[in-house]
Amino acid sequence: MCGIVGAVAQRDVVPILVEGLRRLEYRGYDSAGVAVIDGDAHLARTRSVGKVRDLEARLDGHMAGATGIAHTRWATHGRPATENAHPHICRKTVALVHNGIIENHEELRRAQTKLGFEFTSDTDTEVIVHEIYRHLADTHDLLEAVRRALPALRGAYALGVITSEAPGRLVAARRGCPLVVGLGIGEHFIASDVAALLPVTQRFIFLEEGDVADLTRERVTIYDASGQIVERPVKQSELSADAVARGEYRHYMLKEIYEQPRAITDTLTNRIGLHHVYDEAFGTGAAAIFDTIEAVQIVACGTSYHAGLIGRYWFEALAEIPCSVEVASEFRYRRPRLAPHTLFVTLSQSGETADTLAALAHAKTIGVEHTLAICNVPESALVRQSGLALLTQAGPEIGVASTKAFTTQLVALLLLVASLGRRGHLGGDGERRIVGLLRTLPVLTEQALSLDAAVQSWVPAFANKQHALFLGRGTQYPVAMEGALKLKEISYIHAEAYPAGELKHGPLALVDADMPVVAVAPGNELFEKLHSNLQEVRARGGELFVFADAKNGITADERTHVITVPPTDDLMAPVVYTVLLQLLAYHVAVSKGADIDQPRNLAKSVTVE
Ligand code: AGP
């Protein structure tokens, strides 16, 4: 989703802003722009549709200034076009960048048009810059103008604002969208996330809901939602500037797929003893809360939702705890009835997904007492707004297609199953078994990665296809869903997943020689059933691509392609088979020349509804 960078310094900030935008590219965008206050105290702006490198080519050293803001735009209101790109400027005086959506923009636009403001874009954002200008004309104080403008806005925003009236000043505000302040020496910054600013600082303040920040070279002053000056903690980031570098890999996605053994190891480190899971890993007071839990409700979106679906099998089969899983955008608008003593679990890589945050807020309003976030970003809103949290240690995930965040979410869910289950049916022995298996998982994941060349050999069979089916049973059904999502997301091939037993109830009608059917077939008690379903596909002339446990003994033939997977315990199989599906999607997308890390129309961090 849109990315914001801003800086107030003594040096020219354009290179800092452009590098920041490059580091935010992963969030997804379609146009970019930068505005600075130049040496003559005038606002200068450059915008372009396309990539940050296109913006850079336009800038080509023509613009410089010590105070500036920059933006990557992911279109919501108004098509991707130069005139809709940010920063937006009002009367050559105020420039603004915005992430979020202003819901009452039409109403404001009508009122401002009557006041004589001219609109040059179709965005919801432009009303904000006019509103701020209106108040600046009265107050001649940027901070005061922003503070007076904000109450008129309905919706979500992270903002950065500069004015030619106050060249050394940058004002920022957040409500519903993330924004961090970066602290330098004699220079200060804002950005949508820390990754953008790592080359210039490692000290950050994470703005809270309703905060307004006033930045000059000398100081940063933060006001809370009630207008009071507040001290927010300064956090030292442990990430280095190259922690988000691609290294020798062609794409971030491939790098992140290959990082999974390490990410899993890191997620287990300090969370497990010899035979058990440390309750403290979930936060202070977790043990006492877990003693009372009788049911689990999981809410998430996209890939994180798929992790939740797998978790449900584990909570119910292993821990014998009732578990429901729901897509956040549905949960938030239902009137759900949750059983007493339910643990409300949110799953999210970014921790900033608007729907998941809203579902969490909704859960609290209907009386949920105990909330737990499984999240990859420690300072995210989701972690801050949840009672308990288990942080996955996947490290920054840059590719829009989530990979290592998913497999580490599965690890986190198993830790939770072991911890809650120990208190009931699962007992100490069951917990010991889970912990023992988790220790083997990094090696199993390495083994899956070693099948990369075999997976690549399947690519020609997919590259020219329009559709694909993914089949699985049990926990492998959500794995198949995740495989289908990966393929459609980055290769733009239409892919659907079905529980294999459902084929005969409709989707079988689609099967023909042009519909590759991918099946995930670990060696479990459902294999025989799955095998029969695969025969149904074969009998209709379908071409099968099966990832199968060695012990299943599936043989390949002209229309049945098999990649043999080393025998894997069923509990670890979702991670192992997901890695293979990630590789398949990746290589197919590469063969199609797709934009792997920034697929069209998508954003990494979905901070709008
Ligand atoms: C995954 O490949 C997707 N890009 C997407 O479905 C993602 O998982 C979803 O938007 C949820 O994001 P979150 O985990 O950051 O909440």
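Scroll up to find the structure this text is about.
Residues numbered from 1 in each chain as written. Predicted model: local features only at pLDDT ≥ 70, side-chain atom pairs only at ≥ 80, totals over all residues. Heavy atoms only, no water.

> Before we go on, may I ask you to explain the overall build of the protein chain in this structure?
Along its length, the protein chain carries 19 helices and 25 strands. Radius of gyration (C-alpha) of the protein chain: 25 Å, near the 25 Å computed for a compact globule of 609 residues. Here the C-alpha coordinates of the protein chain stretch approximately 75 × 55 × 45 Å along the principal axes. Within the protein chain, buried positions represent 62% of all 609 residues. By sequence separation, contacts in the protein chain at least 24 residues apart represent 72% of the contacts at least 6 residues apart. Carbon together with sulfur atoms contributes 49% to the accessible area of the protein chain, which is approximately 23,000 Å² in total. (Helix = DSSP H or I, 4+ residues; strand = E, 2+ residues; numbered from the N terminus. Rg over C-alpha atoms; globule rule 2.2 N^0.38 Å. Buried < 20%, exposed > 50% of the residue type's maximum accessible area, 1.4 Å probe, protein only. Contact = heavy atoms within 4.5 Å. Areas by Shrake-Rupley, 256 points an atom, 1.4 Å probe, with all protein chains shown as cover.)

> Teacher, can you tell me more about the site of the ligand here?
In the vicinity of the ligand lie 14 residues, with Ser304, Ser348, Ser350, Thr353 and Glu489 positioned nearest. The contact in question runs from an oxygen atom of the ligand to an N or O atom on the backbone of Gln349, over 2.7 Å. With the chains in place, 91% of the 410 Å² that the ligand exposes on its own is no longer accessible. The set of elements that each furnish at least two residues to the shell around the ligand consists of α9 (302-317) and α17 (476-491). Per element, the largest residue contribution to the shell around the ligand is three residues, and it comes from α9. Its residues placed into classes, the shell around the ligand shows four nonpolar, eight polar and two charged. (Near = heavy atom within 4 Å. Polar contact = N/O pair within 3.5 Å; in protein donor to acceptor, adjacent residues only side chain to side chain. Nonpolar A, V, L, I, M, F, W, Y, C, P; charged D, E, K, R; others polar.)

> When you look at the side chain of Glu489 in this model, what are you seeing that I'm missing?
Position of Glu489 relative to the elements: it lies in helix α17. On the basis of relative accessible area, Glu489 is assigned to the buried category, the value being 15%. Setting aside anything within four residues of it in sequence, one finds Glu489 in contact with Val400, Ala401, Pro599 and Leu602.

> What should I look at first to understand the nonpolar core in this one?
Side chains of nonpolar character tend, in soluble globular proteins, to be buried together. Of all hydrophobic cores here, the largest spans 96 residues; its most connected members are Phe282, Phe470 and Phe547. Considering each element in turn, this core owes the most residues, 14 residues, to helix α19 (residues 573-591). Filtering out sequence-adjacent residues up to four positions away, Phe282 remains in contact with Val277, Phe290, Leu372, Leu388, Ala389, Leu390, Leu415, Leu416 and Ser419. Residues Val14, Tyr29, Val36 and Ala196 belong to the second largest nonpolar core, which totals 29 residues. (Core = buried A, V, L, I, M, F, W, Y, C linked by side-chain atoms within 4.5 Å.)

> Explain unusual backbone geometry here, please?
Peptide bonds are trans in most cases, and residues, glycine excluded, mostly fall at negative phi. Going from His86 to Pro87, the amide bond is cis rather than trans, its omega being 0°. Here Pro87 is to be found in the loop between β4 (67-73) and β5 (88-90). At Lys92, a residue that is not glycine, the phi angle is positive and equals roughly 60°. Tracing the sequence through the fold places Lys92 in the loop between β5 and β6 (94-102). For Asn270, which is not glycine, the phi torsion reads 70° and is therefore positive. Structurally, Asn270 can be placed in the loop between α7 (260-268) and α8 (286-292).

> Can you help me understand the sheet that holds strand β20 (residues 388-391) in this one?
Each strand in a sheet pairs with its neighbour through backbone hydrogen bonds, running either in the same direction (parallel) or in the opposite one (antiparallel). Pairing within the open sheet is parallel, and its five strands lie in the order β17-β16-β18-β19-β20. Each having just a single partner strand, β17 (323-327) and β20 make up the two edges of the open sheet. Here the average twist between neighbouring strands, direction ignored, is 20°. Judged from the five bridges that link them, strand β16 (residues 295-300) and β17 form a sheet pairing that is parallel. Bridged to Ile298 within β17 is Val325. Contacts between helix α11 (residues 354-365) and the sheet are confined to β16, β18 (342-348) and β19 (370-375), with β18 contributing the most and set at about 170° to the helix. Strands β16, β18, β19 and β20 of the sheet are contacted by helix α13 (residues 404-422), whose axis makes an angle of about 165° with β18. (Pairing = 2+ DSSP bridges. Axes fitted to C-alpha atoms, helices over the stretch in contact; angles between N-to-C directions.)

In short, shape yes, function no, at least from these values alone.
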